[in-house]
Amino acid sequence: MKWFRKHKIFTAFLLILLLLIGTVVGFIWSKLRLIQYDDGTLKEVYSEGQSTVPEETEPAEEAGPGVDISGLEEMETFPVIPEAEIQEKDDVVNILVLGTDERTTDLSENARSDSMILVSIDKTNKTVKLVSLERGMGVYMETGMMAGEYDLLTHAFRWGGANLVCDCVETNLRVEVDHYVRVNFTTVRTVVDAIGGIDMELTEAEANVLGEFVPGLKAGMNHLNGDAALRFARLRSIDSDWQRVERQRKVILAAVNALKGASLKELNNLLDQTLPLIQTDMSMLDIAEMMLYAPNFLTSEFDQMTIPKQGTYGYKSGIKGFAVDYEVNSQILRDFLYGAEEEASE
């Protein structure tokens with residue numbers, strides 16, 4: 001009789017546990033279904049003359065949006081694409097986050113990748129590394145409309161979609177890109193507003209420029225809403241695109257910090273508002289696996305760097321944007337992501 005009662009208790013406990021697991025799995029799956037899944041191929045090819053992307057709020061500079069090659073030394077030869085094998089590691093997942101320049105909730109193929117950050121997740125060591133890729137790099141394109149030529153990395157999305165951007169990173173920098181995740185300006189605004197804004201320390205110059213659009217900002221710590229955070233992430237008029245990519249990483253890290261204190265209700269609201277604005281070639285299972293590691297990542301320090309490194313690029317007639325020493329930068333990046341005798345530093 002005692003055995004029977006214990007058996008009933010165990011069975012009831014097991015059923016409750018299975019019900020809870022099923023509820024959690026169902027909840028996660030319902031959220032993951034909100035994401036836009038796309039293999040990254042470009043369905044329609046656009047030319048620059050067909051662009052429907054609104055003009056940038058800042059003036060365009062020489063050699064393309066945000067690319068100023070004045071004052072750079074001329075490289076003696078064309079950049080050489082490294083012959084090294086494309087490096088990968090089983091427990092490291094490299095995800096290229098593309099920020100395209102639409103100002104709507106729709107993700108158009110007629111866009112540029114305004115921001116590109118390689119997020120490298122080491123599942124064994126539980127670390128995350130952020131690598132900003134300068135959009136003005138003149139990259140060699142093996143496929144797409146510009147096959148066999150060098151063009152700005154920011155244009156790669158226009159010529160061949162997310163797949164071509166990933167291919168350009170692999171070809172020129174010799175590291176594996178496992179997946180891409182795509183967001184746009186609206187996604188950034190929505191994320192920041194959904195988490196209640198982010199705290200950001202502004203310099204006097206940053207506060208003065210942003211204050212023209214966002215009243216009340218001052219030098220020092222400020223609480224930014226979605227619109228202010230986006231303007232901060234895109235700001236380059238007071239310095240250059242090199243500082244701008246640092247600001248983009250600051251926004252990401254500030255958002256991660258804000259998430260640490262979010263309630264379940266706030267997280268649910270965040271997922272409902274932002275997941276429909278995200279596109280990726282990751283499967284639901286891929287994302288679910290990454291979610292298992294998320295608590296560890298949120299508490300870890302994020303190592304950061306920008307490619308190309310200062311002093312490793314110049315200009316070269318026939319190449320749009322920066323002419324980059326890819327042999328040097330590919331080695332720097334590989335060491336940073338996968339380790340070396342001496343750690344690459346910012």
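A few points on the structure. (Residues numbered from 1 in each chain as written. Predicted model: local features only at pLDDT ≥ 70, side-chain atom pairs only at ≥ 80, totals over all residues. Heavy atoms only, no water.)

**Examining the packing of aromatic side chains**
Then, number 1: Per the counting criterion, the structure on display carries five aromatic pairs.
Then, number 2: Seen from their ring centres, Trp242 and Phe322 are 5.6 Å apart, and the 35 degrees between their planes marks the pair as tilted. Of this pair, Trp242 sits in helix α6 (residues 241–260) while Phe322 sits in the loop between β12 (313–314) and β13 (323–324), and the two are 80 residues apart along the sequence.
Then, number 3: Classification of Phe322 by relative accessible area gives buried; the value is 3%. (Phe/Tyr/Trp six-rings, centres within 6.5 Å; stacked < 30°, edge-to-face > 60°. Helix = DSSP H or I, 4+ residues; strand = E, 2+ residues; numbered from the N terminus. Buried < 20%, exposed > 50% of the residue type's maximum accessible area, 1.4 Å probe, protein only.)

**Details of unusual backbone geometry**
Then, number 1: With an omega of 5 degrees, the peptide bond between Ile307 and Pro308 qualifies as cis.
Then, number 2: Positive phi, close to 55 degrees, is recorded for Lys126, a residue that is not glycine.
Then, number 3: By the secondary structure assignment, Lys126 is in the loop between β3 (113–122) and β4 (127–133).
Then, number 4: Look at Lys126 and you get partly exposed, because its relative accessible area is 39%.
Then, number 5: Backbone geometry places Arg174, a non-glycine residue, at a positive phi of 60 degrees.
Then, number 6: Relative to the assigned elements, Arg174 resides in the loop between α2 (156–173) and β7 (179–184).

**Side note on the packing of helix α3 (residues 185–194) against helix α7 (residues 264–274)**
Then, number 1: Packing of α3 against α7 brings their axes to within 9 Å, and their N-to-C directions diverge by 165 degrees. Put simply, α3 runs roughly antiparallel to α7. With respect to the hand of their crossing, α3 and α7 are arranged in right-handed fashion. Of α7, the residues touching α3 (which contributes Thr190, Val191 and Ala194) are Asn269, Leu270, Gln273 and Thr274.
Then, number 2: Considering only residue class, the contact of α3 with α7 consists of three nonpolar, four polar and no charged. (Axes fitted to C-alpha atoms, helices over the stretch in contact; angles between N-to-C directions. Parallel < 35°, antiparallel > 145°, perpendicular 65-115°, else oblique. Left-handed = near helix turned anticlockwise from the far one by under 90°. Contact = heavy atoms within 4.5 Å. Nonpolar A, V, L, I, M, F, W, Y, C, P; charged D, E, K, R; others polar.)

**A short note on the packing of helix α5 (residues 226–234) against α6**
Then, number 1: Between α5 and α6, the shortest axis-to-axis distance is 7 Å and the interhelical angle comes to 145 degrees. On α6, the residues touching Ala229, Phe232, Ala233 and Arg234 of α5 are Arg244, Arg247, Gln248, Lys250 and Val251.
Then, number 2: Taken together, the residues that form the contact of α5 with α6 break down as four nonpolar, one polar and four charged.

**Focus on the sheet that holds strand β1 (residues 36–37)**
Then, number 1: Reading across from one edge, β1-β10-β7-β2-β3-β4-β11 is the order of the seven strands in this open sheet, with mixed pairing throughout. Sheet topology places β1 and β11 (302–307) at the edges, where each strand pairs with a single neighbour.
Then, number 2: Relative to β11, β4 runs parallel, the two sharing six bridges. Directly across from Leu130, in β11, lies its bridge partner Gln304.
Then, number 3: In the packing of α3 onto the sheet, the strands contacted are β2 (92–100), β3 and β7, and the crossing angle to β7 comes to about 80 degrees.
Then, number 4: The sheet strands contacting helix α9 (residues 326–338) are β2, β3, β4 and β11, and the helix crosses β11 at an angle near 175 degrees. (Pairing = 2+ DSSP bridges.)

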